[in-house]
Amino acid sequence: MARRMALSTSTGNSIYLEEIIDYFTVLDVVYPNQFEEHTIDKETVQQTEESFFRGAPPEWLNFHISELSYSSGTGLSLIKRDGYNRLVQQVHKRRNQSGTSAVKLFHQQGCGGTTLAMQVLWDMRKTFRCAVLTGSPLESSKIAREVVHLYIGGSKYELNTVLLLINDEFNLEQLQDSIMAEIVGQEIDVDIPVVILFNCVRSDYAILKAEYYREKEGLKDRDSDYVILKRSLSHNEQKELDSKKEDLHRIYGAKASQFHGFNILQTNFSHNYIQEVCAVFSTIERKHKPLKTQLASFLSLLNAYVPGSYLVESECLDFLRHNDSLPDDISLMTLMQPFSHLILSFQNDKRSDKKIRMAHPMIAKHCTELMANAGVARSDTIRNFLNGFCTDDVSPYLLGFIKDLLTKRENKKDGMVEDLEKFSNLILEISKMEDKNQSASVLKVASNKFDKNSFFPQALARFCYGELKDYKEGEIWAKKAIEREPKKSFIADTLGQVHKNHLREKKLLMEPRELLQLAQKAIKAFEHEEQLAEEEHRRNMPEDDKSKVLWGLNTRGQFGFLQVCNILFDSLVRQNQDWEAVLTKNVSMGLVLNSLGDNKLFRFRYLIENLRENVEKKFEFFDNFLTYSQSVSRNDKAYVSKQAAECYKKYVGNSIPKHDDRDHQTFQKLKQKLAFNTAGVLSCLDRTCTSDIEHIVDLWKGIHQRKCSNTHALVNFIFAQMMLSNKNRATFNYDYKDTIKERKPPSSATQAEYYILCLLLFWPADNEDKPVSDLNQLIKHASNAYDREYKTMFSSRYLRPLFFIGPGKGLSRFVQRRELEIVWTKDALQESNINWRNESIFRDQTVEERLLKFEGVVHDYRVYAKLRGTEVELEANRKDSLCRSGQVYFHLGFTIRGPVAFRIQRRLPVTKGDLKIKTPDNIHDSSRITETGLNLGTDMA
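## So, the overall build of the chain
A tally of regular secondary structure across the chain gives 38 helices and 22 strands. Over its C-alpha atoms the chain spans a radius of gyration of 32 Å, differing by no more than 12% from the 30 Å that the globule rule assigns to 941 residues. Seen through its principal axes, the chain has C-alpha atoms that stretch 95 × 85 × 50 Å. Per-residue burial for the chain yields a buried fraction of 54% across its 941 residues. In the chain, the proportion of contacts linking residues at least 24 apart, taken out of those at least 6 apart, comes to 70%. As displayed, the chain has an accessible area near 43,300 Å², and 46% of this comes from carbon and sulfur atoms.

## Some details on the pattern of salt bridges
Scanning the model with the defined rule gives 42 salt bridges in all. The salt bridge involving Glu467 is made with Lys436; its shortest N-O contact spans 3.2 Å. Placement of Glu467 in helix α19 (residues 455-468) and of Lys436 in helix α18 (residues 436-449) is noted, with a sequence separation of 31 residues between them. The salt bridge partner of Arg818 is Glu821, with a shortest N-O separation of 3.1 Å. Linking Arg818 with Glu821, this pair stays in helix α37 (residues 817-825), spanning three residues, or about one helical turn. If you follow the salt bridges from partner to partner, you end up with Asp686, Arg817, Arg818 and Glu821 in one network.

## Let's talk about the side chain of Glu839
With respect to the secondary-structure elements, Glu839 resides in the loop between α37 and α38 (845-848). Buried charge without a partner: Glu839 forms no salt bridge, and the closest opposite charge is Arg878, 4.9 Å away. Not counting residues within four places of it along the chain, the set of residues in contact with Glu839 comprises Asn877, Arg878, Phe902, Arg903 and Ile904.

## A few points about the pairing of strand β11 (residues 355-358)
Here strand β9 (residues 311-312) runs beside β11; their pairing, made up of two bridges, is antiparallel. When the bridges of β11 are listed, Leu311 appears paired with Ile356.

## Here we look at the sheet that holds strand β10 (residues 343-346)
The sheet built from three strands is open, its strands ordered β9-β11-β10 with antiparallel pairing. The sheet terminates laterally at β9 and β10, the two strands that pair on one side only.

## Thoughts on the packing of aromatic side chains
In this structure the tally under the stated criterion is 42 aromatic pairs. Between Tyr628 and Tyr790 the ring centres are 5.5 Å apart and the planes differ by 65°, which places this aromatic pair in the edge-to-face class. One end of the pair, Tyr628, is in helix α26 (residues 605-628); the other, Tyr790, is in the loop between α35 (775-789) and α36 (791-794), and 162 residues separate them in sequence. For the residue pair Tyr628 and Tyr790, the accessibility class agrees, reading buried in each case. Each residue in the set Phe559, Phe621, Phe622, Phe625, Tyr628, Tyr639, Tyr786, Tyr790 and Phe794 is aromatic and connected to the rest through ring pairs, giving one cluster. Geometry around Tyr84 places Lys80 over its ring, the cationic atom sitting 5.1 Å from the centre. Of note, Lys403 hangs over the ring of Phe455, and the distance from its end group to the ring centre comes to 4.4 Å.

## Notes on the state of the cysteines
Per the counting criterion, the structure on display carries zero disulfides. Cys278 provides the cysteine sulfur closest to Cys367, a residue in no disulfide bond, and the two sulfurs are 3.6 Å apart. A relative accessible area of 0% places Cys367 in the buried class.

## What to know about the sheet that holds strand β7 (residues 195-202)
On the basis of which strands lie adjacent, the open sheet formed by six strands has the order β3-β5-β6-β7-β4-β8 and mixed pairing. Edge strands, defined here as strands with exactly one partner in the open sheet, are β3 (27-30) and β8 (226-229). In this sheet, neighbouring strand axes are inclined to one another by 20° on average, regardless of whether the strands run parallel or antiparallel. Bridge count for strand β5 (residues 129-133) against strand β6 (residues 162-167) is four bridges, and the pairing is parallel. Looking at β6, one finds that Ala131 is bridged to Leu164. Contacting β3, β4 (100-107), β5, β6, β7 and β8, helix α4 (residues 113-123) runs over the sheet at an angle of about 165° to β7.

## Concerning the nonpolar core
In terms of nonpolar packing, the biggest core is built from 125 residues, with Phe198, Phe281, Leu295, Leu311, Ile363 and Leu406 touching the most fellow members. Apart from the residues lying within four places of it in its own chain, the contact partners of Leu295 are Leu311, Cys316, Phe319, Leu320, Leu332, Met336 and Phe389. By size, the runner-up hydrophobic cluster in this structure holds 115 residues, among which are Leu699, Met723, Ala752 and Leu852.

## Observations regarding the environment of Ala461
Summarising the element assignment, Ala461 is placed in helix α19. If we skip the residues at most four places from it in the chain, Ala461 touches Gly474, Trp477, Ala478 and Thr494.

## Considerations on the packing of helix α31 (residues 690-704) against helix α32 (residues 711-725)
For the pair α31 and α32, the least separation of the axes is 9 Å and the interaxial angle reads 155°. In terms of orientation, α31 lies roughly antiparallel with respect to α32. Crossing geometry of α31 relative to α32 is assigned as left-handed. Here Thr690, Ile693, Glu694, Ile696, Val697, Trp700, Lys701, Ile703 and His704 of α31 come into contact with α32, specifically with His712, Ala713, Leu714, Asn716, Phe717, Ala720, Gln721, Met723 and Leu724. Residues that form the contact of α31 with α32 fall into these classes: 11 nonpolar, five polar and two charged.

## Some words on the side chain of Ser8
If you trace the backbone, Ser8 turns up in strand β1 (residues 5-8). A distance of 2.9 Å separates a polar side-chain atom of Ser8 from the backbone oxygen of Phe128. When residues no more than four places from it in sequence are discounted, the contact partners of Ser8 are Asn13, Pro32, Arg125, Lys126, Thr127, Phe128, Arg129 and Asn160.

## Structural notes on a negative patch on the surface
Residues Glu187, Asp189, Asp191 and Asp860 make up a contiguous surface patch of negative charge. Take Asp860: it is sitting in the loop between β16 (854-859) and β17 (862-867). A relative accessible area of 56% places Asp860 in the exposed class.

## Quick look at α19
For α19, built from 14 residues, the straight-helix expectation of 20 Å at 1.5 Å per residue is met to within 8% by its first-to-last C-alpha distance of 19 Å. Listed in full, the buried residues belonging to α19 are Phe456, Pro457, Gln458, Ala459, Leu460, Ala461, Arg462, Phe463, Cys464 and Tyr465. Packing partners of the buried residues in α19 comprise α16 (396-407), α17 (425-433), α18, α20 (471-484) and α21 (489-506).

## So, the environment of Ala117
Looking at where Ala117 falls in the secondary structure, it is placed in helix α4. C-alpha of Ala117 to C-alpha of Phe814: the two residues are 697 residues apart in sequence and 45 Å apart in space. Those residues in contact with Ala117, other than ones at most four positions away along the chain, are Leu105, Leu165, Phe198 and Cys200.

## Description of the confidence of the model for the chain
On average, the chain scores 88 in pLDDT, and the residues at 70 or more come to 92%. Confidence drops under a pLDDT of 50 for residues 544-549, and excluding neighbours within four residues, the segment shows nine contacts in the predicted structure. Ignoring residues within four places in sequence, the model shows residues 909-941, a span with pLDDT below 50, making 73 contacts including any to other chains.

## Focus on unusual backbone geometry
Cis geometry is adopted by the peptide bond preceding Pro338, which originates at Gln337 and carries an omega value of 10°. For Pro338, the position within the fold is in the loop between α13 (332-335) and β10. For Asn268, which is not glycine, the phi torsion reads 60° and is therefore positive. Inspection of the secondary structure assignment puts Asn268 in the loop between α9 (260-266) and α10 (271-277). Taking the relative accessible area as the measure of exposure, Asn268 reaches 30% and is therefore partly exposed.

Cut-offs applied
- Residues numbered from 1 in each chain as written.
- Predicted model: local features only at pLDDT ≥ 70, side-chain atom pairs only at ≥ 80, totals over all residues.
- Heavy atoms only, no water.
- Helix = DSSP H or I, 4+ residues; strand = E, 2+ residues; numbered from the N terminus.
- Rg over C-alpha atoms; globule rule 2.2 N^0.38 Å.
- Buried < 20%, exposed > 50% of the residue type's maximum accessible area, 1.4 Å probe, protein only.
- Contact = heavy atoms within 4.5 Å.
- Areas by Shrake-Rupley, 256 points an atom, 1.4 Å probe, with all protein chains shown as cover.
- Salt bridge = Lys/Arg side-chain N within 4 Å of Asp/Glu carboxyl O.
- Lys, Arg positive; Asp, Glu negative; His and termini not counted.
- Pairing = 2+ DSSP bridges.
- Phe/Tyr/Trp six-rings, centres within 6.5 Å; stacked < 30°, edge-to-face > 60°.
- Lys NZ or Arg CZ within 6 Å of the ring centre and 35° of its normal.
- Disulfide = S-S within 2.5 Å.
- Axes fitted to C-alpha atoms, helices over the stretch in contact; angles between N-to-C directions.
- Core = buried A, V, L, I, M, F, W, Y, C linked by side-chain atoms within 4.5 Å.
- Parallel < 35°, antiparallel > 145°, perpendicular 65-115°, else oblique.
- Left-handed = near helix turned anticlockwise from the far one by under 90°.
- Nonpolar A, V, L, I, M, F, W, Y, C, P; charged D, E, K, R; others polar.
- Polar contact = N/O pair within 3.5 Å; in protein donor to acceptor, adjacent residues only side chain to side chain.
- Patch = residues over 30% accessible without salt bridge, like charges linked within 9 Å, V, L, I, M, F, W, Y side chains within 5 Å.
- Charge placed at Lys NZ, Arg CZ, Asp CG, Glu CD.
- Expected span 1.5 Å × (residues − 1).
- pLDDT = per-residue confidence, 0-100.

So, in structure tokens, the structure goes:
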């Protein structure tokens, strides 16, 4: 008979289902009646508790046993660390939000973060439908299907919110979109939140970053929307743990002295305790180590550097029996004496292999240090592990741990600029404490051992050029990595980096011919990478945006190209000033070949003559890429835009050729101002002063007023004036609607920008009786133009808002994104990497005062603006705001794809004498409050 598992309902009751337990493959669901139909024998209870207190990962059974012990009066319940109540409060707070939301717990390794998170789920299993994510982040669509299945509980009439625990870092926003797409696809009517994502992140960097911003914003612990758990106890925690210690000693006697997981916590992570229990490792000798000592050293090294790592018990036994004929029935713990008390054996479920690891990461770290002090170097241990323990057919789980051990780069902990360390922590420590050649040796062993894997030779190539300055060896290993995965663009990048860094290192020591030869090799490598990236991106483009993970376009090839051109320009011009005229194409190479002093340079003529044009193309790509979109996971690096602009300016040059006609001279000036294309005009608030913007307006005005001017010039002229109006400078008192109507849409390359401008200009103002009849058609044109020009490029990225509608008339009512960012950060110099998707910027009253609120309606998971009785469909910035139908209000923004509703909120009732919505003083008639509700320049339904 199938097990009847209960699911909690939103009304506090339970429903019982027989089949639902077999549905889940990527979720570990904890049910309200978990273990209630089981009789658990005393031996199982004892083994489960002992294993947990020694340091094994918590199981659901641990919490069940704890509840039984407390209720029967035979023991104390599991200690809840101080963050527990705040986490529960945060979860309950999100029950009032629609769609999807997230709660975050940042914790240090080994401080009980995972246990705390599971405690929250266990205690809330009768309120929510609780589960732990066990699948890969890449299985976004499968995760979404299972979450929604758990939400509906097999019936669309028995909904309840899912509380989903996600361990480690994860792209929550992408998962939220996938879940909402599944809700829409199944046409489920949602009146309670679908899922609360409980993200448990083990990261010292995340804690540092959270504390930095909390201090900067002057927030107290209770005001932040996350919880931090560290390796330090409060007075109350210490007191409760002391009582628990007495409890354990009463029940388990002398065994409790080896409950290292608990004891480390109870002693407030005491270094003295760690030293005492690890003393057995201080007797290890460098040579002639027994197999059990080697295995203990392997475990220590692996657990010290790779959180969550383990070895499989059967493989450990095979290793110990390698040279000795041992009885089959002898246990691993017996064989591992005198290290056994530091080692754990645990099992996730009956079907999986037993896993082996050290009792605590702090123990693993200290044992590794003791061995290093005794002369057993980290490099020797990892080499012995690779050669002695790892078989020719190593299991995928172990290969993953080794890959993390040798190649995973952590976030830097010095400063708040998000950047990665150059190499893995182990490689960095070997370099620091031993010798850089030892690090290279370790990576070489791994590269040869795993001769199909590309990551190890790639890391070795990076180490050769970055640390050893051995560019020949770096080139060899970079090419080996490419041979192993010839179609992977990120692998191909390394060869270009080898040549680029060689060029940078030797630029003062090389003659022009050598510089050009090396630059040519680097450029060829980066162009190959760019080609692979485009093919890769096309292959990974989902047929259905809702069902697959979107892969980011690798742009390192284009950026590497610009970096090489930058180095080359500086190096050549430093040797001979005539190179500047050649590289900016003000003179041909043939005219100055004699003054350059080497006739053989003529063989690089094709490369040199195409440099400026290619630099302009690459810069224009980044201008579009970074103006119209931003990364959905990590911030775009500010130096990319900065260095791309520096290179572009060098090849464009500072002079205005006198022999050019007036148009070419004007275009040259616009290039020098980085405002030659629409993206450049739209981003000029980020990088130019007000006087420069005034000059840009004049230049585009001059081009626009010529008889032969095209629509593109008019578009840029109007956009430039919008930029100027955001600086509170007077612009031409003209709305340009008639002018733009007279023009035909430009070529496909700039149609998206043209239609966005049309939408802005024709969006009804306060004093207009009705919107233009073809507003929906304009939105469709804009969307189609975006699909043709940009969809492939931006498919994996978030589209940044370009403008918002604010109060005012004419061009002054269009508020540019950058102006709002400056208002919010109160710092015009801060990078414009605001996360617009989370909409926290709109909580700022000064930002709200700059914008109008529009009235609309949500139905069928779509949002519509209500304009004089006409409904106009918009994109929603957050899909989870479309769960509930009804009247809404929002801020209206425009991306390169079209109009978007930001911060969609339920329409609040307004009654006379009880105004629940405060409107800023500077919002005009389009947002006045009447007795019947909000009047936002629209009809009231």
